[in-house]
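The primary structure of each chain is shown beneath.
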Amino acid sequence: MDNALDRTTSITNGTDEATESPIPRFYMSGDLRAATGLSRTQLDYYLREGLVRATARTESGYLLFDEDERDVVDQIIAWREEGIGLREIRQRLHREDRP
């Protein structure tokens, strides 16, 4: 199991029955890199270029990424392996505006 923040909580649905509802999973930068195989340099570059966007930031300033953003990283990796350039990837992701 990686160090990503992953928790499950019980909530009630208006009855006495509790249902399990997962709290959204967030990855810290190192966890996202480990899960996807990106290097620190690659992730930093994709962040600077606006291809990857942090979902949140901790009080200490650490970047957090959710499952949707991990899916974006996986898609970027797949497109790069197909030889698709960053400009085209940015357009496909509808992230033409840089941060």
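Residues numbered from 1 in each chain as written. Predicted model: local features only at pLDDT ≥ 70, side-chain atom pairs only at ≥ 80, totals over all residues. Heavy atoms only, no water.

1. Comments concerning the packing of aromatic side chains
Right, on to step 1. If you walk through the whole model with that rule in mind, you get 1 aromatic pair.
Right, on to step 2. Here the aromatic rings of tyrosine 45 and tyrosine 46 are separated by 6.2 Å at their centres, their planes lie at 55 degrees, and the arrangement is tilted.
Right, on to step 3. Relative accessible area serves as the criterion here: at 32%, tyrosine 45 is assigned to the partly exposed category.
Right, on to step 4. Sitting over the face of the ring of tryptophan 79, arginine 92 holds its NZ or CZ atom 5.2 Å from the ring centroid. (Phe/Tyr/Trp six-rings, centres within 6.5 Å; stacked < 30°, edge-to-face > 60°. Buried < 20%, exposed > 50% of the residue type's maximum accessible area, 1.4 Å probe, protein only. Lys NZ or Arg CZ within 6 Å of the ring centre and 35° of its normal.)

2. Describing the environment of methionine 28
Right, on to step 1. Of note, methionine 28 is situated in strand 3 (residues 26-28).
Right, on to step 2. Considered as a pair, methionine 28 and aspartate 66 are 38 residues apart in the sequence and their alpha carbons are 9.1 Å apart.
Right, on to step 3. Apart from the residues lying within four places of it in its own chain, the contact partners of methionine 28 are Tyr62, Leu63, Leu64 and Phe65. (Helix = DSSP H or I, 4+ residues; strand = E, 2+ residues; numbered from the N terminus. Contact = heavy atoms within 4.5 Å.)

3. Remarks on helix 1 (residues 29-36)
Right, on to step 1. Three or more residues of helix 1 are buried, namely Asp31, Leu32, Arg33 and Thr36.
Right, on to step 2. Those residues of helix 1 that are buried are in contact with strand 3, helix 2 (40-49), strand 5 (63-66) and helix 3 (67-81).
Right, on to step 3. Backbone geometry just after helix 1 places glycine 37 at a positive phi near 85 degrees.

4. What about the sheet that holds strand 3?
Right, on to step 1. An order of 3-5-4 is seen for the 3 strands of this open sheet, with the pairing classed as antiparallel. Where the open sheet ends on each side, the last strands, each with one partner, are strand 3 and strand 4 (56-57).
Right, on to step 2. Lying on the sheet, helix 1 is in contact with strand 3 and strand 5; it crosses strand 3 at an angle near 100 degrees. (Pairing = 2+ DSSP bridges. Axes fitted to C-alpha atoms, helices over the stretch in contact; angles between N-to-C directions.)

5. Considerations on the pairing of strand 5
Right, on to step 1. Where burial is concerned, the two faces of strand 5 agree: the one with Leu63 and Phe65 and the one with Leu64 and Asp66 are both buried.
Right, on to step 2. As paired strands, strand 3 and strand 5 are joined by 3 bridges and run antiparallel to one another. Each bridged residue has a counterpart across the sheet, and for methionine 28 the counterpart in strand 5 is leucine 64.
Right, on to step 3. Pairing analysis gives 2 bridges linking strand 4 to strand 5, with the strands arranged antiparallel. If you follow arginine 57 over to strand 5, its bridge partner there is leucine 63.
Right, on to step 4. The hairpin turn running from strand 4 into strand 5, its antiparallel successor, is 5 residues long, and glycine 61 in that turn takes a positive phi close to 95 degrees.

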